[in-house]
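# A closer look at the structure
The primary structure of each chain is shown beneath.
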Amino acid sequence: MIKTFLSTLSVILFSILIIAYSFFPSSNLNIWLSTRPILAQVYAFPLTTATIASILSFVFFFPIFLQEK
């Protein structure tokens, strides 16, 4: 239950960042997010961020696909 909640929450938060960055580059939310200490690096290095997100997604979600029901 908690694992599902945390997974869903992380997907939602990551989606908000991606949508804000992609569709509203000069919005106040995007400007505010790009000035936060850790998020500034996420915005500055999008290829590295996407690569790390892909690897983490694989590591966290691959075992779920291997489980037998």
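Residues numbered from 1 in each chain as written. Predicted model: local features only at pLDDT ≥ 70, side-chain atom pairs only at ≥ 80, totals over all residues. Heavy atoms only, no water.

It is worth spelling out the environment of Leu39 at this point. Within the secondary structure, Leu39 sits in helix 3 (residues 37-44). Here Leu39 falls in the partly exposed class, since its relative accessible area comes to 22%. Spatially, the C-alpha atoms of Leu39 and Leu17 are 9.2 Å apart, while their sequence positions differ by 22 residues. Non-local contacts of Leu39, meaning those with residues more than four positions away in its chain, are made with Leu17 and Leu33. (Helix = DSSP H or I, 4+ residues; strand = E, 2+ residues; numbered from the N terminus. Buried < 20%, exposed > 50% of the residue type's maximum accessible area, 1.4 Å probe, protein only. Contact = heavy atoms within 4.5 Å.)

Attention now moves to the environment of Pro25. Mapped onto the secondary structure, Pro25 falls in the loop between helix 1 (2-23) and helix 2 (28-33). Owing to a relative accessible area of 52%, Pro25 belongs among the exposed residues under this scheme. Once the C-alpha coordinates of Pro25 and Ser10 are considered, the two residues, 15 residues apart in sequence, prove to be 22 Å apart.

Relative to the assigned elements, Ser34 resides in the loop between helix 2 and helix 3. Residue class for Ser34 comes out partly exposed when judged on its relative accessible area of 32%. Between the C-alpha atom of Ser34 and that of Leu17, which follows or precedes it by 17 residues, the distance is 10.0 Å. The residues touching Ser34, leaving out its near neighbours within four places in the chain, are Ala40 and Tyr43.

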